[in-house]
Every structure is written in C-alpha cells, then in structure tokens.
Amino acid sequence: MRLLWMIFIFLAGAAQAQDRRPSHCIALAEAPGVQYLHKASFRDPVEKHDVRISYIAHASFLLQTHDGIDVVTDYTGFLGATDLVPDVVTMNHAHDTHWTANPDPAVPNVLPGWGDYGLGIEHHLDLGSMLVRNVSTDIRSYGGVEEKGNSIFVFEVAGLCIGHLGHLHHEPNDAQYAALGRLDIVMAAVDGGMSLDVPTMIRVLRRLRAQVVIPMHWFEDWTLEAFLTGMSDAYLVERRPGNALTMSLRDLPSQPTIMVLSPRYLQDP
C-alpha cells in the first residue's frame with residue numbers, strides 16, 4: 001500500500017511539473033540576438049510581435065504587450081499622473097526606491113524579489129503572452145550580506161528574453177548565470193557603487209552578451225558616462241530620444257548596442 005502511495009505522489013508531481021511552462025530563454029541560451037523598432041506613447045497599441053519598454057524613473061520600467069499586459073519593475077507605488085493599474089509589479093528591497101510596503105491593492109500580481117530572510121523566493125508567473133520568473137542573488141545588509149535578498153527578474157515575451165538586474169550587489173555565480181539563460185535585453189544599474197561598481201557591471205554584461213543594454217539607476221552623469229566609455233569598445237552607444245522604445249525579436253541591432261533612455265513619469269493624455 002505504501003509503495004502505491006509513493007507512486008501516486010511521484011506521478012502527481014511529474015504531472016504538475018509538466019503543466020509548468022518551461023523557459024524558452026534557458027532552452028535557447030545559445031541562440032542569436034535581436035533588434036529594435038520605433039518609439040511610441042505608453043497608451044498606444046503594441047503590435048503583436050513587439051514589446052514596448054518605457055523608462056519611468058530610477059529602476060522602474062513599464063513593459064507592455066500586444067494583448068494589454070502592463071508590467072512595472074522595481075515598483076514604488078508611484079507611476080506619475082496616470083490611472084494605469086499594472087497587471088504585474090516586481091520589487092526589490094535594497095532601498096525604498098525599489099519597492100513599497102503598500103502596493104496598490106488593485107494590482108493583481110505583486111512579486112517581491114525576496115522572501116524570508118536568507119531563503120529567497122521563487123516566481124514563475126505564466127500570463128500567456130508573457131512569462132515572468134526570477135533568479136535570486138544576494139544583497140549587502142547592515143554591514144553583512146542577506147543571501148537571496150535581491151532578484152533578477154526575467155520577462156519572456158514576444159520571443160524576447162528581457163532581464164532586469166534589480167539592485168545587484170555581486171557578480172552572479174555560474175549557477176545563477178545558467179538560471180538566467182539567454183538574455184536579449186538587459187536593464188542594468190550603472191550608479192558606480194551603490195549596486196555594482198562599473199568594472200564589475202561591465203564584466204557581468206559582457207558575460208550576459210545581451211544585444212541591447214538599457215542603463216538605469218545612475219545619480220550623476222559621470223557614472224553613466226564612465227559606464228558608456230567602458231563598454232564602447234564592444235557596444236555601440238545610442239542615445240534615444242524620449243523614454244521609450246519598442247522591440248521585436250525579428251529586427252534588433254546586429255551589433256550589441258547600449259540604448260540610453262531619459263526617465264519620465266507616466267502621464268495620461
């Protein structure tokens with residue numbers, strides 16, 4: 001009887017695992033890169049095979065799909081002069097500029113990047129046209145280290161693998177790099193020390209080999225310029241007008257490119 005019960009548990013677990021949508025970014029980690037398209041207002045429709053990325057402020061971005069899914073990264077509770085209620089918000093708690101203790105109760109999916117102290121958290125949210133998952137990393141805390149206190153969130157949408165490094169405090173280890181899989185677009189903090197120092201962030205991005213890097217989380221122009229200078233031997237630098245761009249898998253730049261956006265809070269027409 002005990003043997004039959006163990007077989008039942010095993011089969012139930014296997015069935016549940018099969019129901020969980022696999023990550024195409026990990027499966028296709030060796031696939032070639034992608035390219036970019038045009039600028040648009042965050043209220044404009046998104047084409048079927050595109051994703052729009054709008055830089056809101058600090059480390060907060062709005063990601064939007066063709067079927068109306070709105071996701072905000074490092075959500076602080078304030079988006080600007082808008083009544084937009086995101087479908088998903090992600091947060092990290094290194095500083096209060098990356099999270100809120102009181103997210104809008106109307107947001108259906110609130111994903112903190114940390115769990116119980118030192119234990120981390122796992123997210124695997126399948127929204128149909130988008131899969132949201134995370135990879136835990138450590139953060140500095142009160143002079144020490146909080147293990148698994150930060151999350152790198154990965155958004156798999158329109159065939160793209162988009163990573164937001166959060167408040168990254170150390171270079172990922174081999175297991176964490178493997179868990180990230182292929183990343184086509186990366187939002188990376190370039191403040192020069194509150195997260196990673198510039199040389200270490202450059203080393204991380206060179207290993208990730210994303211086709212597009214979007215700088216975020218800088219406080220002075222010199223930290224941004226130091227990052228751009230350090231990456232200019234391997235990446236083109238494109239200073240985009242405005243705070244948004246629209247991307248697709250089919251036609252992003254063939255050469256790795258840093259796309260500098262100017263943050264702007266959302267404002268309804």
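Residues numbered from 1 in each chain as written. Predicted model: local features only at pLDDT ≥ 70, side-chain atom pairs only at ≥ 80, totals over all residues. Heavy atoms only, no water.

Here the focus is the state of the cysteines. Each disulfide is one covalent bond, formed between the sulfur atoms of two cysteines. Evaluation of the coordinates by the stated rule reveals one disulfide. Note that Cys-25 is cross-linked by a disulfide to Cys-161, the S-S spacing being 2.0 Å. Taking the sign of the S-S torsion, about -105° here, the bridge from Cys-25 to Cys-161 comes out left-handed. Of this pair, Cys-25 sits in helix H2 (residues 24-27) while Cys-161 sits in strand E11 (residues 160-164), and the two are 136 residues apart along the sequence. Considered together, Cys-25 and Cys-161 belong to a single accessibility category, that of buried residues. (Disulfide = S-S within 2.5 Å. Helix = DSSP H or I, 4+ residues; strand = E, 2+ residues; numbered from the N terminus. Buried < 20%, exposed > 50% of the residue type's maximum accessible area, 1.4 Å probe, protein only.)

Our next topic: the nonpolar core. Counting residues in hydrophobic clusters, the biggest one holds 59 residues, and the most contacted among them are Ile-53, Ile-162, Leu-165, Leu-205, Leu-208, Phe-227 and Met-247. Top contributing element to this core by residue count: helix H4 (residues 198-208), with six residues. Beyond its immediate chain neighbours, meaning those up to four positions away, Ile-162 contacts Val-51, Ile-53, Leu-63, Phe-153, Val-154, Phe-155, Val-157, Leu-183, Ile-185 and Met-187. Judged by nonpolar contacts, the second largest core, of 13 residues, contains Val-72, Tyr-75, Leu-79 and Leu-266. (Core = buried A, V, L, I, M, F, W, Y, C linked by side-chain atoms within 4.5 Å. Contact = heavy atoms within 4.5 Å.)

Atomic detail in the predicted coordinates should be set aside for any region of low pLDDT. A residue-level look at the protein chain finds 85% of positions with pLDDT of 70 or above and a mean pLDDT of 85. Scored below 50 in pLDDT, residues 1-15 shows zero contacts in the model against residues more than four places distant or in partner chains. This stretch, residues 30-39, has a pLDDT under 50; its non-local contacts, to residues over four places away or in other chains, come to 42 contacts. (pLDDT = per-residue confidence, 0-100.)

Among the structural elements, Arg-264 can be located in the loop between strand E16 (257-260) and strand E17 (266-267). In this structure, the C-alpha to C-alpha distance between Arg-264 and Tyr-55, residues 209 residues apart in sequence, is 6.5 Å. Contact partners of Arg-264, with chain neighbours within four places excluded, come to Tyr-55, Ile-56, Gly-242 and Asn-243. A polar contact is formed between the side chain of Arg-264 and the side chain of Asn-243, at a distance of 3.0 Å. (Polar contact = N/O pair within 3.5 Å; in protein donor to acceptor, adjacent residues only side chain to side chain.)

The next subject is the sheet that holds strand E12 (residues 185-189). Taken in spatial order, the eight strands of this open sheet run E8-E9-E10-E11-E12-E13-E16-E14, and their pairing is mixed. The sheet is open, and its two borders are formed by strand E8 (124-126) and strand E14 (236-239), each paired with just one other strand. The average angle at which neighbouring strand axes cross in this sheet is 25°, direction not considered. In terms of strand pairing, E11 meets E12 through three bridges, oriented parallel. Counted as the bridge partner of His-164 is Met-187 from E12. (Pairing = 2+ DSSP bridges. Axes fitted to C-alpha atoms, helices over the stretch in contact; angles between N-to-C directions.)

On to the pattern of salt bridges, then. Tallied over the entire structure, the rule returns eight salt bridges. Between Glu-156 and Arg-133 there is a salt bridge, with its nearest N and O atoms 2.7 Å apart. Pair noted here: Glu-156 is in strand E10 (residues 144-157) and Arg-133 is in strand E9 (residues 130-141), with a separation of 23 residues, a long-range link. Glu-156 gets classed as buried once you look at its relative accessible area, which sits at 1%. (Salt bridge = Lys/Arg side-chain N within 4 Å of Asp/Glu carboxyl O.)

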